[in-house]
Amino acid sequence: MLLKHTTKEIMERSALTVNPAKTCQPIGAMYAALGIHGCLPHSHGSQGCYAYHRSSLTRHYKEPVMAATSAFTEGSSVFGGQANLLQAIDNMFTVYKPDLIAVHTTCLSETIGDDIPQIVNKAVAEGKVPAGKYVIHANTPSYVGSHVTGFSNMTKAMVDYFAETGAKKNKTINIVPGYVEPSDMEEIRRICDAMGIPIIMFPDTSRVLNGPLTGRFHMYPAGGVTIPELRQTGQSMGTVALGNLASTAAAFALDAKCKVPYKLLDLPIGLHGTDMFIDILRNIAGVNVPDSLTFERGQMVDIISDMHQYFYGKKVGLVGDPDQLLALTKFLVSLDMCPIHIVTGTPAGKKFTAELREATKEVPCDVNIKVEGDMYLFHQLVKNDPVDLLIGNSYVKYIAKDEDIPFIRHGFPIFDRIGHSYLPTVGYRGGILFLEKILNALMDRQDRDATDINMELVM
Amino acid sequence: MTGLAETMKEKYGIPFIRVSYFGIEDMAKALYDVAGHFKEQPEIMEKARELVRSEVTRIYPELQKIKARVCGKRAAIYVGGAFKAFSLIKALRYLGMEVVLAGSQTGNEKDYEILRDMCNDGTIILDDANPLELSKYIIEKNADLFIGGVKERPIAYKMGIGFCDHNHERKTPLAGFEGMLNFAEEVCQTVTSPVWQFAPHRSP
Ligand code: SF4
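Residues numbered from 1 in each chain as written. Chains lettered and ligands numbered in written order. Predicted model: local features only at pLDDT ≥ 70, side-chain atom pairs only at ≥ 80, totals over all residues. Heavy atoms only, no water.

## Quick word on the sheet that holds strand E3 (residues 100–105) of chain A
Residues and elements named next belong to chain A.
Reasoning step 1: Overall, parallel pairing links the 4 strands, which are arranged E2-E1-E3-E4 in an open sheet. Of all strands in the sheet, those with a lone pairing partner are strand E2 (68–69) and strand E4 (134–138), marking the two edges.
Reasoning step 2: Here E3 runs beside E4; their pairing, made up of 5 bridges, is parallel. Note that in E4 the partner of Val103 across the bridge is His137.
Reasoning step 3: In the packing of helix H6 (residues 116–125) onto the sheet, the strands contacted are strand E1 (39–44), E3 and E4, and the crossing angle to E4 comes to about 170°. (Pairing = 2+ DSSP bridges. Helix = DSSP H or I, 4+ residues; strand = E, 2+ residues; numbered from the N terminus. Contact = heavy atoms within 4.5 Å. Axes fitted to C-alpha atoms, helices over the stretch in contact; angles between N-to-C directions.)

Rendered as structure tokens:
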């Protein structure tokens, strides 16, 4: 019992987080930056932050994660990291030859107050940025928000630095996919392809963090949105932003900068979520939904109908990122399941809490929603009102083990299983995969607990 | 660690010796060195000898089996401290493997002198290398195994070669005699894995 000290009794805590249900801004910024082709993310701070962020991403994706650091010393911690960043920019372009460098800050450089654009301008003035190469930046102080905020900030930076207004609009639609897995981005693209809609997706980490074994190490893998594409986002006919917290900032900035209108949707998880996404695409692009997608949809409905009695009334505890939680909660409710504990460590605001309340208002049980809660509280909630299924990142496995509850891994980080980078959760196909996961978890438990007499062969 | 030991010697006059617990050779030497320090108690040396003998006898047969499978395979080592690299080189040699690349992040002049003395002429020695250099030389030297840190694991796999890591969070120890056996098993598992035949540059 690794968590044996977690008490059932819940005490009001105002200034203490135990086992956070989030991680820090730069991880999200680094992840987003890896979704630009030929980009080298750069962490402006000390080496420890960077090593932690790189290790986390490396372990989650089991892929090489390339990034650089300003490697602050005591001196730079006091006097600022200008000299370090200038030299780093020079080194990176000389040694690693990226198309662009995406600088994000850390707690330390934010506290010092380093002015990144000013330092970058100096680097340009000193000829340290070769012609046709770029340095972009996002401020990512970790005492604000979470990794989702960092992701959002870096995605917005792509708009701020590159989007250009054109004389006429193109037929493309921009997709801001939100903080989802490379597999999800791939699936979103597949759906758009099936509908015959040309898209620009940013960021796009597919084929960067889920690439094949090629026998060679590539510093800059094949995938990622390109700089010319980012420029053209300003000439698209519209933007679809998936997930409020991760994607609105970029979509809004693009609207303000280049007058590209945007539609904000939930992540396309589950039947309804995917329907909404496809419907919006259909509307903006003026196309029909192809039979292939209608067919997939039918398959998903078929599975749900075949198995609906296994979902009915099952209580679920979820912990993770806001955009994911909202979409998943709606999905679970639509399956007749009861999400009763919903916790995120990310400060997602009152509106988010209200949306979750709305999504769960038909659930016939008490529903605990804690926005800015931690894993400790989540565990306490589960102790007080046990559930049939847990959904969360790898850290939830300790709770699942102690409380002996079936558990599905979803979110960030997942250090101990594979699949998330290759198999999507979004779309109808992703939905089918997720249904399979839920059913496997529940049915494995039923089989395990069955007596000799009530063991079911046919389920 | 050496810094701490030095300070303790300075402040409290407590003597120290630098040892490594990695690999049979160094582990045995560590025990002998410690025993040797207590000259007036020769029975300690006796016991150290006894311990080394019984431990080595215990793991020897298994190690020989592994050696037969990995003998002649080529290894690249890139670790934090050079001291660790020394032990790794000896341990790999013990298994009949060839070290084709050795390097560290923090080694000093003296470390590299030792490293150069330890290695063959053809071995590439790298100081504070970057992933591009590492991958270039690993391919060039046709290494079968890469020993490095957490973040290097996927790099090795992308190139289609085995990997063994040396990080602080491991739950299976690599230190001591038992650790040598774990290490050898890990190395053997990874370098002899059939998956590498599917790596593009290796398939015929
Ligand atoms: S919270 Fe701040 S100090 Fe800690 S790893 Fe993140 S950026 Fe670095």
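## Some thoughts on the site of the ligand
Reasoning step 1: Neighbouring the ligand are the residues A:Cys24, A:Pro26, A:Cys49, A:Tyr52, A:His53, A:Thr106, A:Cys107 and A:Ser142.
Reasoning step 2: Its residues assigned to classes, the shell around the ligand comprises 5 nonpolar, 3 polar and no charged. (Near = heavy atom within 4 Å. Nonpolar A, V, L, I, M, F, W, Y, C, P; charged D, E, K, R; others polar.)

## Here's the deal with the nonpolar core
Residue and element names in this part refer to chain A.
Reasoning step 1: If you look at the biggest cluster of nonpolar residues, it comprises 116 residues, and the most contacted ones within it are Met154, Ile175, Phe277, Leu390 and Ile438.
Reasoning step 2: Per element, the largest residue contribution to this core is 8 residues, and it comes from helix H17 (residues 427–449).
Reasoning step 3: In contact with Ile175, not counting residues within four places along its chain, are Ile188, Cys192, Ile199, Ile200, Met201, Phe202, Val240, Leu242, Phe277 and Leu281. (Core = buried A, V, L, I, M, F, W, Y, C linked by side-chain atoms within 4.5 Å. Buried < 20%, exposed > 50% of the residue type's maximum accessible area, 1.4 Å probe, protein only.)

## Observations concerning helix H3 (residues 42–70) of chain B
All names here are of chain B.
Reasoning step 1: Between its terminal C-alpha atoms H3 stretches 39 Å, which fits the 42 Å expected from 29 residues at 1.5 Å a residue.
Reasoning step 2: At Tyr60, H3 is deflected by roughly 40°, the largest bend along its length, and proline Pro61 occurs up to four residues later in sequence.
Reasoning step 3: Looking at H3, one finds that the buried residues are Met45, Ala48, Val52, Glu55, Ile59, Leu63, Ile66 and Val70.
Reasoning step 4: One or two positions beyond H3, positive phi appears at Gly72, with a value near 90°. (Expected span 1.5 Å × (residues − 1). Bend = angle between axes of the 7 residues up to and from the residue.)

## Details of the packing of aromatic side chains
Reasoning step 1: Throughout the structure, instances matching the rule amount to 13 aromatic pairs over all chains.
Reasoning step 2: In textbook terms, an aromatic cluster arises when at least three aromatic residues are bridged by ring pairs, as seen for A:Tyr31, A:Tyr61, A:Phe151, A:Tyr179 and A:Phe412.
Reasoning step 3: Seen from the ring of B:Phe83, B:Arg18 lies directly overhead, with NZ or CZ sitting 3.9 Å from the centre.
Reasoning step 4: Over the aromatic face of B:Tyr94 sits the side chain of B:Lys67, whose NZ or CZ is 6.0 Å from the ring centroid. (Phe/Tyr/Trp six-rings, centres within 6.5 Å; stacked < 30°, edge-to-face > 60°. Lys NZ or Arg CZ within 6 Å of the ring centre and 35° of its normal.)

## Here we look at the sheet that holds strand E5 (residues 162–165) of chain B
Adjacent strands of a sheet form backbone hydrogen bonds with each other and so pair up, either parallel or antiparallel.
Residue and element names in this part refer to chain B.
Reasoning step 1: If you trace the 5 strands from one edge of the open sheet to the other, you get E3-E2-E1-E4-E5, paired in parallel fashion. Of all the strands in the sheet, just strand E3 (124–127) and E5 have a single pairing partner and so form its edges. Strand-to-strand, the axes of this sheet are offset by a mean angle of 15°, without reference to chain direction.
Reasoning step 2: In the sheet, strand E1 (residues 74–79) pairs with strand E4 (residues 145–148) via 3 bridges, with the strands oriented parallel.

## Notes on the domain arrangement of chain A
All names here are of chain A.
Reasoning step 1: The domains assigned to chain A are domain 1 (25–158), domain 2 (173–291) and domain 3 (300–449).
Reasoning step 2: Between the C-alpha centres of domain 2 and domain 3 the distance comes to 25 Å.
Reasoning step 3: With both sides pooled, the region where domain 2 packs onto domain 3 buries about 2300 Å², and carbon together with sulfur makes up 60% of that total.
Reasoning step 4: When the area that domain 2 buries against domain 3 is broken down by residue, the three leading residues are Leu245, Ile269 and Leu271, summing to 27%.
Reasoning step 5: The interface formed by domain 2 and domain 3 holds 1 salt bridge in total.
Reasoning step 6: A salt bridge links Lys330 to Asp266, with the nearest nitrogen and oxygen atoms 2.6 Å apart. (Domains from an automatic or database assignment. Buried area = accessible area lost by both parts, 1.4 Å probe. Salt bridge = Lys/Arg side-chain N within 4 Å of Asp/Glu carboxyl O.)

## Section: the pattern of salt bridges
Reasoning step 1: Tallying each qualifying case throughout the model produces 32 salt bridges over all chains.
Reasoning step 2: The closest approach of N and O atoms between B:Arg153 and B:Asp165, which form a salt bridge, is 3.5 Å. Remark: B:Asp165 occurs in strand E5 and B:Arg153 occurs in helix H7 (residues 153–158); sequence separation between them is 12 residues.
Reasoning step 3: Overall, B:Arg153 belongs to the partly exposed group, its relative accessible area being 30%.
Reasoning step 4: Assessed through its relative accessible area of 8%, B:Asp165 is described here as buried.
Reasoning step 5: Salt bridges linked by common partners bring A:Glu187, A:Arg190, A:Glu296 and A:Arg429 together as one network.

## Focus: the confidence of the model for chain B
All names here are of chain B.
Reasoning step 1: The predicted model of chain B averages 92 in pLDDT, with 99% of residues at 70 or higher.
Reasoning step 2: Between the elements of chain B, mean pLDDT differs from a low of 90, seen in helix H5 (residues 109–118), to a high of 96, seen in H3.
Reasoning step 3: Across the assembled chains, the prediction reports ipTM 0.87 with pTM 0.94. (pLDDT = per-residue confidence, 0-100.)

## Some remarks on the pairing of strand E7 (residues 238–242) of chain A
Residue and element names in this part refer to chain A.
Reasoning step 1: Within E7, 5 of the 5 residues are buried, leaving the element largely enclosed by the surrounding structure.
Reasoning step 2: Taking every second residue as pointing to the same face, both faces of E7 are buried, with Gly238, Val240 and Leu242 on one and Thr239 and Ala241 on the other.
Reasoning step 3: One ladder, built from 4 bridges, connects strand E5 (residues 173–176) with E7; its direction is parallel. Bridged to Asn174 within E7 is Thr239.
Reasoning step 4: In the sheet, E7 pairs with strand E8 (residues 262–265) via 4 bridges, with the strands oriented parallel. Each bridged residue has a counterpart across the sheet, and for Leu242 the counterpart in E8 is Leu265.
Reasoning step 5: Viewed along the sheet, the connection from E7 through helix H10 (residues 244–258) into E8 turns out right-handed. (Right-handed = clockwise from strand over helix to strand, strands pointing away.)

## Regarding the packing of helix H1 (residues 25–33) of chain A against helix H2 (residues 47–61) of chain A
Residue and element names in this part refer to chain A.
Reasoning step 1: Close contact between H1 and H2 brings their axes to 10 Å; oriented N to C, the two are set at 55°. With respect to H2, the axis of H1 lies oblique. Considering only the axes of H1 and H2, their crossing is right-handed. Only Tyr50, Tyr52, His53, Arg54, Ser56, Leu57 and Tyr61 of H2 make contact with H1, whose side of the interface consists of Pro26, Ile27, Met30 and Tyr31.
Reasoning step 2: Class assignment of the residues belonging to the contact of H1 with H2 gives a composition of 8 nonpolar, 2 polar and 1 charged. (Parallel < 35°, antiparallel > 145°, perpendicular 65-115°, else oblique. Left-handed = near helix turned anticlockwise from the far one by under 90°.)

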